[in-house]
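What the coordinates show
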Amino acid sequence: MATSVVGPYSSARILGCRIAMFTLLTPRGLHGAMPRDYWHVLEPTGRHIQRDSLGGYYIDMRHKARPYKGPTQDGFPLRNQNGEGLQLLPVTVTQMALGHYDCFLEDGDLERQRTIARCADWLIEAHGPCPGKQDGWSYGFDHGRLGIKAPFISAMGQGQGISLLVRAHKLIGDDRYLDAARVALQPFFHSVEDGGVIAHLPGGGVTLEEYPSRPYSHILNGFIFALWGVHDFAIHTGDDRAAELAERAVDTLADMMPRYDVGYWSRYGLFPHPRPNVASPFYHELHIAQLRGLKEIYPRDVFTEFADRWERQFASWTNFTRAVYGKVRFKRWVKQTKRQLVAAGIEVDEATEIWTGQTASLPA
């Protein structure tokens, strides 16, 4: 009588290994298995989302709560953004605190509460005047191909800051946090042209702009992060004006979703470059997670439709290879264009006609 294999070579274990190998052989499995630094750890949909009240954050930021081994300032991670030197970015502080918040919901560690309070206090101190813009959390780097010079304020930065401040208020009860969140909301009632962070579209739509560019850039992940901040303020305070803005933004995003699809992958944003800015695998996966989180609080079928579509696209090696190649080509074009502008003595952030393809590229 035949006997089954037991121990480390059992049929069940072999089958499990084969399934694991098959998973890793898919583009998404391979992407998920790659080693990652603090800034690019995968960010799935949040674990503690609540539809009608202020729960955990919509994206799982718990990895941001782990110790950071790189350069820091006052315990906050520093990042070299756009090659302009190490900076302490407001979203770094906010995301670190949001990670600790979700961890606190799970372990109740009071040290996390103290960290959240320290981050919220930093946000209060850092929020202030930004030359030529509404008051906000200022960013100190240029974004040349979008025509943006420092300092500027960001809908994503304002939104994530608000998301943290209202949670800090709920957790700790300090009214300074709620007052600061109310002040941070104000740029959402001013257009980009007026130094704010929203864009009014033909037909009455409104978008929340991570980067206040003209033409508008409509960065997808930044739009959603910003939207969550407005929603969080509305759900925590009952503020009708914030709730109305959030609903208008959700309606606009739902209508715009087809524009973020290139047929085989998602777009990073909609700035009218002469070639599409296809999302990197990191941002493509983030888009999927964000849409699933958004569907939890705004149950629109279109968000599930595109999350499912982009997830299917991520399973195709053909789509994955095409997307990576498209991203590499886009980055190469950006670098080449910057070199041409510098050689011609043209300010990189003042060459809108070049970046939008209205004028032929300069000679090499």
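1. Description of the overall build of the protein chain
The number of helices and strands found in the protein chain is twelve helices and six strands. Against the 2.2 N^0.38 benchmark of 21 Å for 364 residues, the protein chain shows a C-alpha radius of gyration of 22 Å, consistent with a compact globule. The dimensions of the protein chain, computed from C-alpha atoms along their principal axes, are 85 × 60 × 45 Å. For the protein chain, with 364 residues in total, the buried portion stands at 51%. Considering only intrachain contacts with a sequence separation of at least 6, the fraction spanning at least 24 residues in the protein chain is 61%.

2. What about helix 9 (residues 281-297)?
One turn of an α-helix holds 3.6 residues; hence residues three or four places apart share an orientation. Over its 17 residues, helix 9 runs 25 Å from end to end, which matches the ideal 24 Å to within 8%, given 1.5 Å per residue. The buried fraction of helix 9 is high, at 13 of 17 residues.

3. Thoughts on the nonpolar core
Of all hydrophobic cores here, the largest spans 105 residues; its most connected members are Phe 188, Leu 208, Trp 228, Leu 253 and Phe 303. Among the elements that make up this core, the one with the highest residue count is helix 7 (residues 220-237) (ten residues). With sequence-adjacent residues up to four places away left out, Trp 228 is seen in contact with Tyr 57, Tyr 58, Ile 59, Ser 163, Gln 290, Gly 293, Leu 294 and Ile 297.

4. Section: empty space enclosed by the protein
Where empty space is left becomes clear once a probe the size of a water molecule has been rolled over the atoms. Under the criterion given, the structure shown has one cavity of 30 Å³ or more. Space inside the largest cavity adds up to approximately 40 Å³. Arg 145, Leu 146, Ser 217, Ile 219, Tyr 268, Gly 269, Leu 270, Phe 271, His 273 and Asn 277 are the residues that line the largest cavity.

5. Details of the packing of helix 7 against helix 9
It is the contact of helix 7 with helix 9, at a shortest axis distance of 10 Å, that shows an interaxial angle of 30°. Comparing the axis directions of helix 7 and helix 9 gives the class roughly parallel. Crossing of helix 7 against helix 9: the hand is left-handed. Here Leu 220, Asn 221, Ile 224, Phe 225, Leu 227, Trp 228 and His 231 of helix 7 come into contact with helix 9, specifically with Tyr 283, Leu 286, His 287, Gln 290, Leu 291, Gly 293, Leu 294 and Ile 297. The residue inventory of the contact of helix 7 with helix 9, partitioned by class, reads ten nonpolar, five polar and no charged.

6. Here's the deal with the pattern of salt bridges
All chains considered together, the criterion is met by 19 salt bridges. Arg 62 is the salt-bridge partner of Glu 106, the closest N and O atoms lying 3.3 Å from each other. With Glu 106 in helix 3 (residues 90-107) and Arg 62 in the loop between helix 2 (27-33) and strand 1 (72-73), this pair connects stretches of sequence that are 44 residues apart. Glu 106 sits in the partly exposed class, given a relative accessible area of 36%.

Cut-offs applied
Residues numbered from 1 in each chain as written. Predicted model: local features only at pLDDT ≥ 70, side-chain atom pairs only at ≥ 80, totals over all residues. Heavy atoms only, no water. Helix = DSSP H or I, 4+ residues; strand = E, 2+ residues; numbered from the N terminus. Rg over C-alpha atoms; globule rule 2.2 N^0.38 Å. Buried < 20%, exposed > 50% of the residue type's maximum accessible area, 1.4 Å probe, protein only. Contact = heavy atoms within 4.5 Å. Expected span 1.5 Å × (residues − 1). Core = buried A, V, L, I, M, F, W, Y, C linked by side-chain atoms within 4.5 Å. 1 Å grid on protein atoms, 1.4 Å probe; cavity = no way out; pocket = protein on both sides within 12 Å on 5 of 7 lines; lining within 4 Å. Points joined across faces, edges and corners; volume = space filled by probe spheres on them. Axes fitted to C-alpha atoms, helices over the stretch in contact; angles between N-to-C directions. Parallel < 35°, antiparallel > 145°, perpendicular 65-115°, else oblique. Left-handed = near helix turned anticlockwise from the far one by under 90°. Nonpolar A, V, L, I, M, F, W, Y, C, P; charged D, E, K, R; others polar. Salt bridge = Lys/Arg side-chain N within 4 Å of Asp/Glu carboxyl O.

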